[in-house]
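Single-letter residue listing:
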Amino acid sequence: MLRDISPQSIFMGLLAGFVGSASSFAVVLQGHTGVGASPEQAASGLMALSISMGLCAIVLSLKTRLPISIAWSTPGAALLATSGAIEGGFAVAVGAFVVCAILIIISGVWKPLGRAVAGIPAPLANAMLAGVLLGLCLAPVKAVAFDPLLGLPIVIAWIVMGRFNRLLAIPAALLAFIAVMVFGIEFPENALADLGGAIAPPVEFVMPEFTLSGLVGIALPLFIVTMASQNIPGTAVLRANDYNTPPGPLFTVTGIFSLLSAPFGGHAVNLAAITAALCAGKDAHPDPAKRYWAAVSGGVFYIVFGLLAGLVTAFISLAPGILIEAVAGLALIGAFAGSAVAAFKDEDGREAAAVTFIVTAAGLTFYGISGAFWGLLAGGLIYFLTHLRNGKKKPD
């Protein structure tokens, strides 16, 4: 096994880890803050997710000798960011994380549940995701309006680097964000000294609380977007690179690691899609049997990043919130575009997709249940009525 290690695989794994964390950790922090987490709880959630997905990647890759890349649920974090504070506070959100993890485990061992998720009409699932992402994708524009001198450098860095290498566009925006903080923001007194105290790994245990609104408003939508936008595409990336492993056991293991991270604030870990292509492709190693070390080294990077989560969170908290929202929004533009195109591509489901998108994007909350659920419910009703009407029009 050790003979399979190569500098090429190690480098590609570290690159995948850097891109995966730098491109979306801002979304994770926004998501946890959105459902009522304190800065300490948000930092603990970031740490728990990073360490869980790092360990999960290492365990699965060494066990199967396949490049199984793991990530946190970025669409799930975006869902949390737009859900708003839930009645009962962050403890209820953590209870929803636990339920979501259990559902992921069940989907791996009980095929009907996995098929049920895969059976959700694609236009509706994509429209719900697009509606969830819209609010965050507006943040870069709002950041420029808030202060052009602070917001424009972040957007320009994303645009310029994106023309050369799309994978490095968000890391470039993040570096611009750091530069803006250092040179454009006046830090409070003793701020740097406080950063030194944040080096220790943050650990905040949250006792889960279970409510109906948490189950319906967070757990179910989180499970759906994690499976439909992460786990299922993740298996497709593996198959595209000729790694034909049964997906069920992979789902189950990611669900177990999600369950372990949930009481510390982790919302969900899952199969990676974009970074999976880095570790499973030819750039990781000419020999497909030796590429698993890329996923292993990526897992090591995530663990190190997780141990520094307190420092990262403390540094970011010094900036105006709209700036980190801008970075998060830039990271999600590609996902928004892809989901919007997929949602409205099918003419038969276009009207139902539009209803799903509008209701979800409106962000309305009824009975403590977030708009993502109501959007999917409203769109599902229109989808059913449309197909019922079309079915009646067909000749016998």
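These numbers come from a predicted model, not from an experiment.

**Q** Looking at this model, I keep getting lost on helix 12 (residues 212–240). Mind explaining?
**A** Between its first and last C-alpha atoms helix 12 spans 39 Å; for 29 residues at 1.5 Å apiece the expected length is 42 Å, and the two agree. Along helix 12, the sharpest kink reaches roughly 35 degrees, centred on M227. Two residues or fewer past helix 12, D242 is found with a positive phi of approximately 70 degrees.

**Q** I'm lost on helix 15 (residues 292–307) in this one. Help?
**A** The terminal C-alpha atoms of helix 15, which comprises 16 residues, lie 23 Å apart, in line with the 22 Å expected from a rise of 1.5 Å per residue. The element helix 15 is extensively covered by neighbouring structure, given that 12 of its 16 residues are classed as buried. Restricting attention to buried positions, one finds in helix 15 the residues Y292, W293, A294, A295, V296, S297, G298, G299, Y302, I303, F305 and G306.

**Q** Help me out: how do you make sense of the packing of aromatic side chains in this one?
**A** This model, assessed by the stated rule, comprises six aromatic pairs. Here the aromatic rings of F205 and F264 are separated by 5.7 Å at their centres, their planes lie at 75 degrees, and the arrangement is edge-to-face. In this pair, F205 is assigned in the loop between helix 11 (191–196) and helix 12 and F264 in the loop between helix 13 (247–261) and strand 2 (269–271), connecting sequence segments 59 residues apart. Since its relative accessible area comes to 28%, F264 is described here as partly exposed. Within the aromatic cluster, the residues linked to one another by ring pairs are F25, W72 and F305.

**Q** Would you explain the packing of helix 2 (residues 25–34) against helix 17 (residues 321–344) in this entry?
**A** Two quantities define a packed helix pair, namely the angle between the helix axes and the distance between the axes. Here helix 2 crosses helix 17 at 120 degrees, and the two axes come no closer than 8 Å. What the angle tells us is that helix 2 and helix 17 run oblique. Judged by the twist between their axes, the crossing of helix 2 over helix 17 is left-handed. Facing A26, V27 and Q30 of helix 2, the residues of helix 17 in contact are G321, I324, E325, V327, A328 and L332. Split by residue class, the contact of helix 2 with helix 17 holds six nonpolar, two polar and one charged.

**Q** Teacher, can you tell me more about the nonpolar core here?
**A** What tends to happen in soluble globular proteins is that the nonpolar side chains get buried as a cluster. Counting residues in hydrophobic clusters, the biggest one holds 94 residues, and the most contacted among them are F25, I70, F97, I154, F177, F223 and L323. By residue number, the principal contributor to this core is helix 5 (residues 90–109), which donates 12 residues.

**Q** Teacher, can you tell me more about the environment of V269 here?
**A** Looking at the secondary structure, you find V269 in strand 2. What makes V269 buried here is its relative accessible area of 0%. Sequence separation of V269 and F223 is 46 residues, and the distance between their C-alpha atoms is 11 Å. Setting aside chain neighbours within four positions, we find V269 in contact with L49, S52, M53, I70, A71, W72, T254, F257 and S258.

About the thresholds
- Residues numbered from 1 in each chain as written.
- Predicted model: local features only at pLDDT ≥ 70, side-chain atom pairs only at ≥ 80, totals over all residues.
- Heavy atoms only, no water.
- Helix = DSSP H or I, 4+ residues; strand = E, 2+ residues; numbered from the N terminus.
- Expected span 1.5 Å × (residues − 1).
- Bend = angle between axes of the 7 residues up to and from the residue.
- Buried < 20%, exposed > 50% of the residue type's maximum accessible area, 1.4 Å probe, protein only.
- Phe/Tyr/Trp six-rings, centres within 6.5 Å; stacked < 30°, edge-to-face > 60°.
- Axes fitted to C-alpha atoms, helices over the stretch in contact; angles between N-to-C directions.
- Parallel < 35°, antiparallel > 145°, perpendicular 65-115°, else oblique.
- Left-handed = near helix turned anticlockwise from the far one by under 90°.
- Contact = heavy atoms within 4.5 Å.
- Nonpolar A, V, L, I, M, F, W, Y, C, P; charged D, E, K, R; others polar.
- Core = buried A, V, L, I, M, F, W, Y, C linked by side-chain atoms within 4.5 Å.

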